[in-house]
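As a plain string of letters, each chain reads:
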Amino acid sequence: MGAGRQCEPLRAGHRAPDFTLARLENGAVRGTADLGQLLAGGPVLLAFFKSTCPVCQMTLPFLERVHRGRAAGSLEIYGVSQDDAETTQEFTGEFGISFPMLLDTEESGYPASNAYGLSHVPSLFLVERDGNIAWSLEGFNKREFLAVAGQAGVNPFRPGENVPEWKAG
């Protein structure tokens, strides 16, 4: 985990802190995005991760299934990488991730990770259009993950797929 301070992560009911992060598109940094811009299109799921995290490597492909199968306008997913652009691009290629990526790097001081109180990755936050956090998860919990994916109209788990019930981040 890369964030610089240890504290409690934000939970449902908290106001989501605004941030401005570099946006990674097609392997290159192309401008920035802030939370207000992201929320203009509706609710967003922020998925904070680090490429070397095994639980992140398991979780983000399931998020990709949600991204690809979601109903239009139901939910937009953004990866918030704690790695640099090159490492993030390698990760997305290796794990087949196509949803948009934002960079919350050590070089920038992990502003979003610190604002959200992260101590572990993956950490997921569902932020409603009004800027309030509706749901959050540290690590991986199959039941909770299935519930939030259901809001997008997707079951990310395939029949017979061996998916653990829980994994710590």
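Heads up: the structure comes first, above all this text.
Overview of the structure. (Residues numbered from 1 in each chain as written. Predicted model: local features only at pLDDT ≥ 70, side-chain atom pairs only at ≥ 80, totals over all residues. Heavy atoms only, no water.)

### What to know about the pairing of strand β3 (residues 44-49)
Just so we agree on the cut-off: Summary of the burial criterion: residues with accessible area below 20% of their type's maximum are buried, those above 50% are exposed, and those between are partly exposed, where the area comes from a 1.4 Å probe applied to protein chains only. Counting from the N terminus, the helices are DSSP H or I runs at least four residues long and the strands are E runs at least two residues long. With the strands pointing away from the viewer, any crossover whose connection runs clockwise from the first strand over the helix to the second is right-handed. Pairing between two strands requires that DSSP report at least two bridges joining them.
For β3, a buried count of six out of six residues is recorded, marking the element as mostly surrounded by other parts of the structure. Going residue by residue along β3, you find Val44, Leu46 and Phe48 tucked away on one face and Leu45, Ala47 and Phe49 tucked away on the opposite face as well. Read as a crossover between parallel neighbours, the route from β3 over helix α2 (residues 54-69) to strand β4 (residues 76-81) is right-handed. Alignment of β3 against strand β6 (residues 123-127), held across five bridges, turns out to be antiparallel. Bridge pairing in β6 links Leu45 to Leu126.

### Thoughts on the packing of aromatic side chains
Worth spelling out the cut-off: To pair, rings of Phe, Tyr and Trp, with the six-membered ring standing in for Trp, must have centres within 6.5 Å; the planes then decide the type, stacked if under 30 degrees apart, edge-to-face if over 60, and tilted in the middle. Think of it as a cone above the ring: NZ of Lys or CZ of Arg counts as a charge over the ring if it is within 6 Å of the ring centre and within 35 degrees of the ring normal.
In the structure shown here, the tally under the stated rule is 12 aromatic pairs. An angle of 80° between the planes, with centres 4.9 Å apart, marks the rings of Phe62 and Phe157 as edge-to-face. Of the two residues, Phe62 is situated in helix α2 and Phe157 in the loop between α5 (142-151) and β9 (166-167); the sequence distance between them amounts to 95 residues. Across this residue pair, the class does not change: Phe62 and Phe157 are buried. Taken together, Phe19, Phe48, Tyr116 and Phe125 form an aromatic cluster joined through their ring pairs. The ring of Phe157 has Lys142 lying over it, and the distance from NZ or CZ to the ring centre is 5.7 Å.

### Focus on the nonpolar core
Note that soluble globular proteins tend to have their nonpolar side chains buried in a common cluster. Applicable threshold: For our purposes a nonpolar core is just a set of buried Ala, Val, Leu, Ile, Met, Phe, Trp, Tyr and Cys residues, chained together by side-chain atoms within 4.5 Å. We call two residues contacting when some pair of their heavy atoms lies within 4.5 Å.
One finds Phe19, Leu46, Phe48, Leu63, Tyr116 and Phe125 to be the most contacted residues of the largest nonpolar core, which totals 53 residues. Ranked by the residues each element gives to this core, the list is headed by α2, at seven residues. Sequence-distant contacts of Leu46, defined by excluding residues within four places in its chain, comprise Phe19, Leu35, Leu38, Tyr78, Val80, Tyr116, Ser123, Leu124, Phe125 and Val127.

### Description of the pattern of salt bridges
As a working rule, side chains carrying opposite charge can pair if their charged atoms are close by. Defined as follows: Any Lys or Arg side-chain nitrogen found within 4 Å of a carboxyl oxygen on Asp or Glu counts as a salt bridge.
All told, the structure shown has seven salt bridges when counted by the stated rule. The salt bridge involving Arg23 is made with Glu25; its shortest N-O contact spans 3.2 Å.

Bear in mind that shape data such as this cannot, by itself, settle questions of function.
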